[in-house]
Structures are given as structure tokens and as C-alpha cells.
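So the chains spell out like this:
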Amino acid sequence: IRSLHEEWFPVRYKDDFYDSLITNKMAGSGEPLFSSVALLVPEDDEGKNESYEEGNGNTGDGASAIDIENGSNRVIGCVVGSFVRSSRAPSEIGPLLIKNPHRHSQMFYIMTLGATTEFRKMGLGTALVERCLQLAKRNKRCGVVYLHVITYNNAAIRFYEKLGFVRVTEIKDYYTIEGVNYNCYLYAKYIHGNQVTLSKGFFTILADWVTSVWNTLTFPFYSALRLE
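This one's a predicted model, so the numbers in the text were calculated from it and none came from an experiment.

**Student:** Explain the overall build of the protein chain to me, please; I cannot follow it from the model alone.
**Tutor:** Within the protein chain, the regular secondary structure consists of 7 helices and 6 strands. The secondary structure elements of the protein chain, listed N-terminal to C-terminal, are α-α-β-α-β-α-β-α-β-α-β-β-α. Within the span of the protein chain, comprising 228 residues, buried residues form 46% of the whole. For the protein chain, restricting intrachain contacts to residue pairs at least 6 apart in sequence, the fraction spanning at least 24 positions comes to 71%. Approximately 12,300 Å² of the protein chain is accessible, and the part contributed by carbon and sulfur atoms is 53%.

Right, dumping it as C-alpha cells:
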């Protein structure tokens, strides 16, 4: 999982992030962490693959039906996320994600999502995101599923928008990669009647268009995420 994250993303995650994947608990807070791993298994073990996906689709004890590192199985995709209390959202972001924190006291945050190169554009990323959406929809207190996308990752932006996520705002200097700061977009998919009004003026729409064109011209060959 570590090597794949280092291959997929320009951001470098600390050791405690990978430790938390083993325990299925957030580092520091100890709150449940959700992870779902897609495996390529030998043909004679195909039944185990189905069993594993049911066993790991949880936020609990980290138990799995099969060993994902037994030498014959290969990880080809992974998504990591967690429920977050609405009250913990920054004041400038919270109202954009949750309209009524008393009704929707929780949010679901997709932390990382990736697939190996040869299995992209095959629906794997969509399936992993759908697992997160299903989990969030089972929690009636959850009002939104949200994530961050670096502004030049046009492939990821198209991918999430195709799945019904909407761009909420741009956050300045969210990522630091090799000493350079980059902005990100906050994307969200609202659920359970949580309806937040996002108003964009003409100049904001124009700025979004200019940014999109600029990203296409200046980063034509780079994408940290191609999942469709």
C-alpha cells in the first residue's frame, strides 16, 4: 500500500498514516477508518476475492477474509476514508459542506483513492468511490461526502464530476510538494437532504474557466489520478 501511494500521489504520507491502515483507526484520534482494497487474485482463488471485499468493507477491527500480502494476491486499487464530525470542520469550510450541523452531525472524507495504471479506465475507481457512498448513505447523520483535488489534476476533476461531485471552493496552499505550495479544489456530494446553496458570480465562473485552460496548457502530461 505504501509503495502504491508513493507511485500514485506526489504527496508523501507519514508512517502513522500507513499504521492507521493496519488498525483501521485514525492516527491520534483513534476514530474508525474505512479502507477498501481491490485485489487481483489467482483464478483458483477467485471465490476468496469476493469474500474479502465483504469482510473489509467496514470501519471496525481491520479483519480481512484473506491475506492481501500472501505473495499470490496483488493490490490493484485502494480507497481510504473516514467519518468526520461536522463540528470539527474549519469555520470557513463547514457552512459550505453542512447546512444544519444539528441534523447532519457527520461528514465522510475520502482521503486517498488510486488504481494501478493498467486497471484504470475500467470502472475500478468508480466502484471504490461507490463503496464510500454506500457507507455514508447508511449513516443517516451524514450529510456529505467530500474530498480535495489538486487544481491541475484535470483527470481527477473530470472523474469526480462525472460521479456527481460538485466543486465547492478553492483552498490556497493546501498541498506542499517538494517545497512548493499548490492550491486544491474542495469537492462534495451532498446526501440525506443536506442542501447547501453554492452561489458563483460571473467573475468566479470566469476564473474557474481560465484556471482550467491554464492547467491544461501547463500540465498536459501529468495526472496523479486516472481512475475511470
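**Student:** Sorry, what's going on with unusual backbone geometry here?
**Tutor:** Excluding glycine, residues mostly have negative phi values, and the peptide bonds linking residues are mostly trans. A positive phi angle, close to 55°, is found at Glu 178, a residue other than glycine. When you line up the elements, Glu 178 lands in the loop between strand 5 (166–177) and strand 6 (180–190). Within the chain, His 192 stands out as a residue other than glycine whose phi angle is a positive 55°. By the element assignment, His 192 lies in the loop between strand 6 and helix 7 (202–218). By relative accessible area, His 192 is classed as partly exposed at 22%.

**Student:** It is not clear to me how the layout of surface pockets should be interpreted in this structure. Could you clarify?
**Tutor:** With a probe scaled to a water molecule rolled over the atoms, the places where space remains empty come into view. Each pocket or cavity is described by its volume, and for the largest pocket that value is around 1,100 Å³. Tyr 109, Ile 110, Met 111, His 148 and Tyr 174 are the residues nearest the centre of the largest pocket, which is lined by 42 residues in total. Elements with a minimum of two residues in the lining of the largest pocket: helix 2 (15–23), strand 2 (74–85), strand 3 (106–115), strand 4 (142–150), helix 6 (154–162) and strand 5. In terms of residues, the lining of the largest pocket owes the most to one element, strand 3, which gives 6 residues. Among the residues making up the lining of the largest pocket, the classes are represented as 30 nonpolar, 7 polar and 5 charged.

**Student:** Mind showing me how you'd approach the packing of aromatic side chains here?
**Tutor:** The relative placement of two aromatic rings is captured by the distance of their centres and the angle of their planes. Under the criterion given, the structure shown has 10 aromatic pairs. Between Phe 9 and Tyr 13, the aromatic rings sit 6.4 Å apart at their centres with planes inclined by 85°, giving edge-to-face as the arrangement. Under the relative-accessibility criterion, Phe 9 is labelled buried at 12%. Judged by relative accessible area, which is 26%, Tyr 13 ranks as partly exposed. Considering the side-chain rings of Tyr 13 and Phe 17, the 4.7 Å spacing of their centres and the 25° angle between planes classify their relative orientation as stacked. An aromatic cluster is built from Trp 8, Phe 9, Tyr 13 and Phe 17, whose rings are joined through pairwise contacts.

**Student:** I'm lost on helix 6 in this one. Help?
**Tutor:** Structurally, the α-helix is built with 3.6 residues per turn, so residues lying three or four positions apart point the same way. Among the residues of helix 6, those classed as buried are Asn 154, Ala 155, Ala 156, Ile 157, Phe 159 and Tyr 160. Directly after helix 6, the chain includes Gly 164, whose backbone phi takes a positive value near 95°.

**Student:** Please explain the pairing of strand 1 (residues 34–40) as it appears in this structure.
**Tutor:** Along any regular strand the residues' side chains alternate between the sheet's two faces. In terms of burial, strand 1 is largely enclosed, as 6 of its 7 residues are buried. The sheet contact formed by strand 1 and strand 2 spans 7 bridges and is antiparallel. Paired with Phe 34 across the strands is Gly 81, a residue of strand 2.

**Student:** Where do I start with the pairing of strand 2 in this structure?
**Tutor:** Of all 12 residues in strand 2, 10 are buried; the element is thus mostly enclosed. As judged from the 9 bridges shared by strand 2 and strand 3, these two strands associate in the antiparallel manner. For Ser 82, the partnering residue across the bridge sits in strand 3 and is Tyr 109.

Cut-offs used in this document
Residues numbered from 1 in each chain as written. Predicted model: local features only at pLDDT ≥ 70, side-chain atom pairs only at ≥ 80, totals over all residues. Heavy atoms only, no water. Helix = DSSP H or I, 4+ residues; strand = E, 2+ residues; numbered from the N terminus. Buried < 20%, exposed > 50% of the residue type's maximum accessible area, 1.4 Å probe, protein only. Contact = heavy atoms within 4.5 Å. Areas by Shrake-Rupley, 256 points an atom, 1.4 Å probe, with all protein chains shown as cover. 1 Å grid on protein atoms, 1.4 Å probe; cavity = no way out; pocket = protein on both sides within 12 Å on 5 of 7 lines; lining within 4 Å. Points joined across faces, edges and corners; volume = space filled by probe spheres on them. Nonpolar A, V, L, I, M, F, W, Y, C, P; charged D, E, K, R; others polar. Phe/Tyr/Trp six-rings, centres within 6.5 Å; stacked < 30°, edge-to-face > 60°. Pairing = 2+ DSSP bridges.

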